[in-house]
Amino acid sequence: MNDSPLSDIHRLVWTALMAALIGAGAYANLPIGPVPVSMQTFFVTLAGFVLGPRRGALAVGLYLLAGTAGLPVFAGGKSGLGHLLGPTGGFLIGFMVMAYLSGLARTASGLTWARGFVFGILGMAALFALGLLWLKFSLDLTWSRAWYAGVAPFLLWGLAKTGMAVAVGRVLARARLMPANA
């Protein structure tokens, strides 16, 4: 889409849509421990691919604001500041960094498989680093226990969801549905 008077509206709609999808992704989860497997990371990565780094992080910020304000958008239908500061808080904050780094894959010519995977995996690494740190200290775990509770079970899931996000991002780009870069 070329930059036109409607481009700002298109970007705003996509930002709100991605924030809503991140929240909806919390309901598609497998509760396997203190950190559930959910579709949120797929939508966070896709938000970066679709919106670029700043607006992708903004969509996550909107999602976090909604959850902190009381909307049940966190995993398990939870909400509130207490949940944001709980054991999964590092992952929730890490979503913003993940979206920003994933958004760096987007260029004026679109999204390539290579750039999508490189920046998607960088975003996933940042998410896991922040989540691991927060989980370790919030639950007073050893590094090993924090790794096995908050990172190890999610590595393959994360790679699969990154691949799906790249594929969907490429389809949206080919269909010219992505908003113009801001």
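Calculation criteria
- Within every chain, residues take consecutive numbers counted from 1 along the sequence as written.
- Residues qualify for local features only when their pLDDT is at least 70, as the model is predicted, and side-chain atom pairs are given and counted only at 80 or more; totals for whole chains, interfaces and linings, by contrast, use all residues.
- Side-chain measures were taken over the full set of non-hydrogen atoms in the model, leaving aside hydrogen atoms and water.
- A pair is scored as a salt bridge if a Lys or Arg side-chain nitrogen falls within 4 Å of a carboxyl oxygen belonging to Asp or Glu.
- Only DSSP runs of H or I with at least four residues qualify as helices, and only runs of E with at least two residues qualify as strands; both kinds are numbered from the N terminus onward.
- Throughout this description, buried means an accessible area under 20% of the type-specific maximum (1.4 Å probe, protein chains only), exposed means over 50%, and partly exposed covers the range between.
- Lines fitted to C-alpha atoms define the axes, with helix axes restricted to the stretch in contact, and inter-axis angles between N-to-C directions lie between 0 and 180 degrees.
- Two helices that cross are described as forming a left-handed crossing if the nearer one is turned anticlockwise from the farther one by less than a right angle, and a right-handed crossing if clockwise.
- Throughout, a residue-residue contact means that at least one pair of heavy atoms, one from each residue, lies within 4.5 Å.
- Here the term charged refers only to Asp, Glu, Lys and Arg, the term nonpolar to Ala, Val, Leu, Ile, Met, Phe, Trp, Tyr, Cys and Pro, and the term polar to all other amino acids, Gly among them.
- In what follows, roughly perpendicular refers to angles from 65 to 115 degrees, roughly parallel to angles under 35, roughly antiparallel to angles over 145, and oblique to any angle outside these ranges.
- Centre distance within 6.5 Å is the pairing criterion for rings of Phe, Tyr and Trp, where only the six-membered ring of Trp is used; planes under 30 degrees apart are then read as stacked, over 60 as edge-to-face, and the remainder as tilted.
- Note on geometry: a ring has a charge over it if NZ (lysine) or CZ (arginine) is within 6 Å of the ring centre and within 35 degrees of the ring normal.
- Within 3.5 Å is the distance limit for a polar contact, defined as a pair of N or O atoms, with the added protein rule that one can donate a hydrogen and the other accept it, and that residues adjacent in sequence qualify only through two side-chain atoms.
- The span expected for a helix works out to 1.5 Å for each residue beyond the first.
- What is called the bend at a residue is the angle between a pair of axes, fitted to the seven residues leading up to and ending at it and to the seven starting from it.
- As used here, the term nonpolar core means buried Ala, Val, Leu, Ile, Met, Phe, Trp, Tyr and Cys residues forming a set that is joined through side-chain atoms within 4.5 Å.

Q: So what about the pattern of salt bridges? Which residues, and what values?
A: Under the defined criterion, the tally for this structure stands at one salt bridge. The shortest N-O distance in the salt bridge between Arg-11 and Asp-8 comes to 2.6 Å. Taken together, the positions of Arg-11 and Asp-8, both in helix α1 (residues 7-25) and three residues apart, correspond to about one turn of that helix. Residue class for Arg-11 comes out buried when judged on its relative accessible area of 5%. For Asp-8, a relative accessible area of 46% corresponds to the partly exposed category.

Q: I'd love a proper account of the packing of helix α2 (residues 40-68) against helix α7 (residues 155-174), names of residues and values included.
A: In the contact formed by α2 and α7, the axes pass within 9 Å of each other and the chain directions differ by 35 degrees. As for how α2 packs across α7, the hand of that crossing is right-handed. For the pair formed by α2 and α7, the contact residues are Thr-41, Phe-42, Thr-45, Leu-46, Phe-49 and Val-50 on the first element and Lys-161, Met-164, Ala-165, Val-166, Val-168, Gly-169 and Leu-172 on the second. Residues belonging to the contact of α2 with α7 are distributed by class as follows: nine nonpolar, three polar and one charged.

Q: A description of the packing of α2 against helix α4 (residues 89-103) should follow, citing residues and the corresponding values.
A: Packed helix pairs are specified by the crossing angle of their axes together with the interaxial distance, meaning the distance between the axes. Remark: α2 packs on α4, axes separated minimally by 7 Å, with the N-to-C direction vectors making an angle of 120 degrees. Between α2 and α4, the crossing angle belongs to the class labelled oblique. Crossing of α2 against α4: the hand is left-handed. When the residues that make up the contact of α2 with α4 are grouped by side-chain class, the tally is 14 nonpolar, nine polar and one charged.

Q: Break down the packing of aromatic side chains for me, with residues and values.
A: Across all of its chains, the model carries five aromatic pairs by this definition. On the numbers, 5.6 Å between centres and 80 degrees between planes, the contact of Tyr-63 with Phe-74 is edge-to-face. A residue pair is termed long-range when its members are at least 10 positions apart, and Tyr-63 in helix α2 and Phe-74 in the loop between α2 and α3 (81-84) qualify at eleven residues. The exposure class assigned to Phe-74 is buried, which follows from its relative accessible area of 0%. In this structure an aromatic cluster arises from ring pairing among Tyr-63, Phe-74 and Phe-95. Taking the ring centre of Phe-137 as reference, the NZ or CZ of Lys-136 above it sits at 4.8 Å. We note Lys-136 situated over the ring of Trp-143; from NZ or CZ to the ring centre the distance is 5.2 Å.

Q: Which residues make up the side chain of Thr-41, and what values go with them?
A: Its place among the elements puts Thr-41 in helix α2. Assessed through its relative accessible area of 14%, Thr-41 is described here as buried.

Q: Go over the environment of Thr-15, please, and point to the residues and values.
A: Within the element layout of this structure, Thr-15 appears in helix α1. Along the sequence, Thr-15 and Gly-56 sit 41 residues apart, while their C-alpha atoms lie 7.2 Å from each other. Setting aside its immediate chain neighbours within four residues, Thr-15 contacts Leu-51, Arg-55, Leu-58 and Ala-59. A distance of 2.7 Å separates a polar side-chain atom of Thr-15 from the backbone oxygen of Arg-11.

Q: Any details on α2? Residues and values, ideally.
A: Under the 1.5 Å per step criterion, the end-to-end length of α2 is only 16 Å for 29 residues, more than 12% shorter than the ideal 42 Å. The sharpest bend along α2 measures roughly 130 degrees and falls at Gly-52, with the proline Pro-53 sitting one to four residues further on. Counted residue by residue, α2 has 21 buried out of 29 residues, so it is predominantly covered.

Q: Quick one: what's the story with the nonpolar core, residue by residue and with numbers?
A: Among the nonpolar cores identified, the biggest contains 41 residues, and Met-18 and Tyr-63 are the most heavily contacted of them. At the level of secondary structure, the elements contributing two or more residues to this core comprise α1, α2, α4, α5 (113-138) and α7. Element by element, the count of residues in this core is highest for α2, at twelve residues.

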